[in-house]
Amino acid sequence: DGQKMKMTLMQHFAELRRRILWVALIFAAGFGAGWFFAPPLQAFLTQPLLAVWPGGTMLYTGLADGLMIQFSLATGVALMVAAPAALWHVWAFVAPGLKKNEKRVIWPILLMSPVLFLAGAAFAFYILFPIAFKFFVDLNQAAPVPSVLMPAARDYLSFAIGLLKVFGVAFQLPLVLVLLNRIGVLRRSVAVRMRRYAIVMIVAAAAMLTPPDVVSQIILALPMWALFEISILFMRRDQ
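Asks: Explain the overall build of the protein to me, and be specific about the residues and the numbers.
Replies: Along the protein, the regular secondary structure elements total 8 helices and 0 strands. Walking the protein from its N terminus toward its C terminus, one meets helices and strands in the order α-α-α-α-α-α-α-α. A compact globule built from 239 residues would reach a C-alpha radius of gyration of about 18 Å, whereas the protein, at 22 Å, exceeds it by more than 25%. Expressed as lengths along the three principal axes of its C-alpha atoms, the size of the protein is roughly 80 × 50 × 20 Å.

Shown next as structure tokens:
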């Protein structure tokens with residue numbers, strides 16, 4: 001029996017190593033694709049700023065800026081490509097040991113997580129960026145002293161990608177709340193009673209995670225509040 005258990009354990013390690021290798025290969029392929037598509041991707045990410053700033057110019061502050069931008073964008077693409085694959089391999093590895101009711105809870109969450117992340121990033125890109133960037137451009141151009149607006153390309157991309165990540169993570173709120181409800185940690189009645197406190201926490205989180213302007217904070221707080229209310233609809237009613 002001991003030898004059988006040892007072999008079973010070794011088989012699990014072999015399977016885990018094989019799945020990690022597949023994810024690594026997918027990451028490498030995503031990095032290669034990201035390296036090739038980095039220039040059009042940079043143009044795409046910069047478009048919301050240039051749309052509200054006609055004739056705007058980005059600043060490269062060092063000789064290696066172009067290389068570092070291409071490397072960071074390629075890495076971001078690789079992570080975006082590899083993350084769903086990693087989630088699937090994690091699911092395939094642990095699923096045989098789960099009960100049917102546990103599978104019914106977890107697999108929809110794994111399926112919806114990338115979808116909600118992309119929805120949050122798209123919301124930031126198409127809704128927040130035009131409003132926030134116009135606010136910043138107008139504010140800088142209205143400076144009371146002679147000034148030239150020329151943001152560094154690396155700083156802008158870091159700022160923009162950071163906001164995309166923030167909104168992508170923020171849109172995971174329904175999954176977290178529904179999961180806590182389904183495993184018995186959070187009762188629906190408790191979530192309803194805590195609504196006013198949740199709204200305060202959402203507003204505080206939006207203030208910390210977005211640029212220091214009221215418009216950006218409202219744009220994040222409102223969808224998070226809506227997602228909180230949607231989460232309550234999908235929670236099991238108290239028995």
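Asks: Just give me the short version of the side chain of Gln 42, but keep the residues and values in it.
Replies: The topology assignment puts Gln 42 in helix 1 (residues 2–51). Under the relative-accessibility criterion, Gln 42 is labelled buried at 18%. A polar atom in the side chain of Gln 42 sits 2.9 Å from the side chain of Tyr 60.

Asks: Help me get a handle on the packing of helix 5 (residues 173–182) against helix 8 (residues 214–234), residues and values and all.
Replies: For the pair helix 5 and helix 8, the least separation of the axes is 8 Å and the interaxial angle reads 30°. Judged by the angle between their axes, helix 5 and helix 8 are roughly parallel. You can see that helix 5 and helix 8 cross each other, and the crossing is right-handed. For the pair formed by helix 5 and helix 8, the contact residues are Leu 173, Pro 174, Leu 177, Val 178 and Arg 182 on the first element and Met 224, Leu 227, Phe 228, Ser 231 and Phe 234 on the second. Taken together, the residues of the contact of helix 5 with helix 8 sort by class into 8 nonpolar, 1 polar and 1 charged.

Asks: Please set out the pattern of salt bridges residue by residue, giving values where relevant.
Replies: Under the criterion given, the structure shown has 4 salt bridges. The salt bridge involving Arg 154 is made with Asp 65; its shortest N-O contact spans 3.4 Å. Of this pair, Arg 154 sits in helix 4 (residues 153–170) while Asp 65 sits in helix 2 (residues 65–94), and the two are 89 residues apart along the sequence. One salt bridge connects Arg 195 with Glu 229, and the closest N-O pair in it is separated by 2.8 Å. Of this pair, Arg 195 sits in helix 7 (residues 195–209) while Glu 229 sits in helix 8, and the two are 34 residues apart along the sequence.

Asks: Quick one: what's the story with the packing of aromatic side chains, residue by residue and with numbers?
Replies: Summed over the entire model, instances satisfying the criterion amount to 13 aromatic pairs. Where Phe 36 meets Phe 37, the ring centres are 5.0 Å apart and the plane angle is 90°; that geometry is what we call edge-to-face. Take Phe 36: its relative accessible area is 62%, and that puts it in the exposed class.

Asks: I'd like to hear about helix 2, residue by residue, with values.
Replies: The terminal C-alpha atoms of helix 2, which comprises 30 residues, lie 42 Å apart, in line with the 44 Å expected from a rise of 1.5 Å per residue. The largest bend in helix 2 amounts to roughly 30° and is located at Ala 82, with the proline Pro 84 lying one to four residues further along. Considered for burial, the residues of helix 2 that qualify are Asp 65, Ile 69, Leu 73, Ala 74, Ala 78, Ala 82, Ala 85, His 89, Trp 91 and Ala 92.

Asks: Quick rundown of the packing of helix 7 against helix 8? Include the residues and the values.
Replies: Taken N-terminus to C-terminus, the directions of helix 7 and helix 8 make an angle of 145°; their axes are 9 Å apart at the nearest point. Here helix 7 and helix 8 pass one another in a crossing that is right-handed. Of the residues in helix 8, those touching helix 7 at Arg 195, Ala 198, Ile 199, Ile 202, Ala 206, Ala 207 and Leu 209 are Gln 217, Leu 220, Ala 221, Met 224, Trp 225, Phe 228, Glu 229 and Ile 232.

Asks: I'd love a proper account of the nonpolar core, names of residues and values included.
Replies: Within the largest apolar cluster, 42 residues are counted, with the highest numbers of intra-cluster contacts made by Leu 128, Phe 129, Leu 164, Phe 167 and Leu 220. The set of elements that each furnish at least two residues to this core consists of helix 1, helix 2, helix 3 (100–141), helix 4, helix 5, helix 7 and helix 8. Among the elements that line this core, the one with the most residues is helix 3, at 11 residues. Residue contacts for Phe 167: discarding those within four places in its chain leaves Gly 120, Ala 121, Phe 123, Ala 124, Leu 128, Thr 210, Ile 219 and Leu 220.

What counts, and at which threshold
- Residues numbered from 1 in each chain as written.
- Predicted model: local features only at pLDDT ≥ 70, side-chain atom pairs only at ≥ 80, totals over all residues.
- Heavy atoms only, no water.
- Helix = DSSP H or I, 4+ residues; strand = E, 2+ residues; numbered from the N terminus.
- Rg over C-alpha atoms; globule rule 2.2 N^0.38 Å.
- Buried < 20%, exposed > 50% of the residue type's maximum accessible area, 1.4 Å probe, protein only.
- Polar contact = N/O pair within 3.5 Å; in protein donor to acceptor, adjacent residues only side chain to side chain.
- Axes fitted to C-alpha atoms, helices over the stretch in contact; angles between N-to-C directions.
- Parallel < 35°, antiparallel > 145°, perpendicular 65-115°, else oblique.
- Left-handed = near helix turned anticlockwise from the far one by under 90°.
- Contact = heavy atoms within 4.5 Å.
- Nonpolar A, V, L, I, M, F, W, Y, C, P; charged D, E, K, R; others polar.
- Salt bridge = Lys/Arg side-chain N within 4 Å of Asp/Glu carboxyl O.
- Phe/Tyr/Trp six-rings, centres within 6.5 Å; stacked < 30°, edge-to-face > 60°.
- Expected span 1.5 Å × (residues − 1).
- Bend = angle between axes of the 7 residues up to and from the residue.
- Core = buried A, V, L, I, M, F, W, Y, C linked by side-chain atoms within 4.5 Å.

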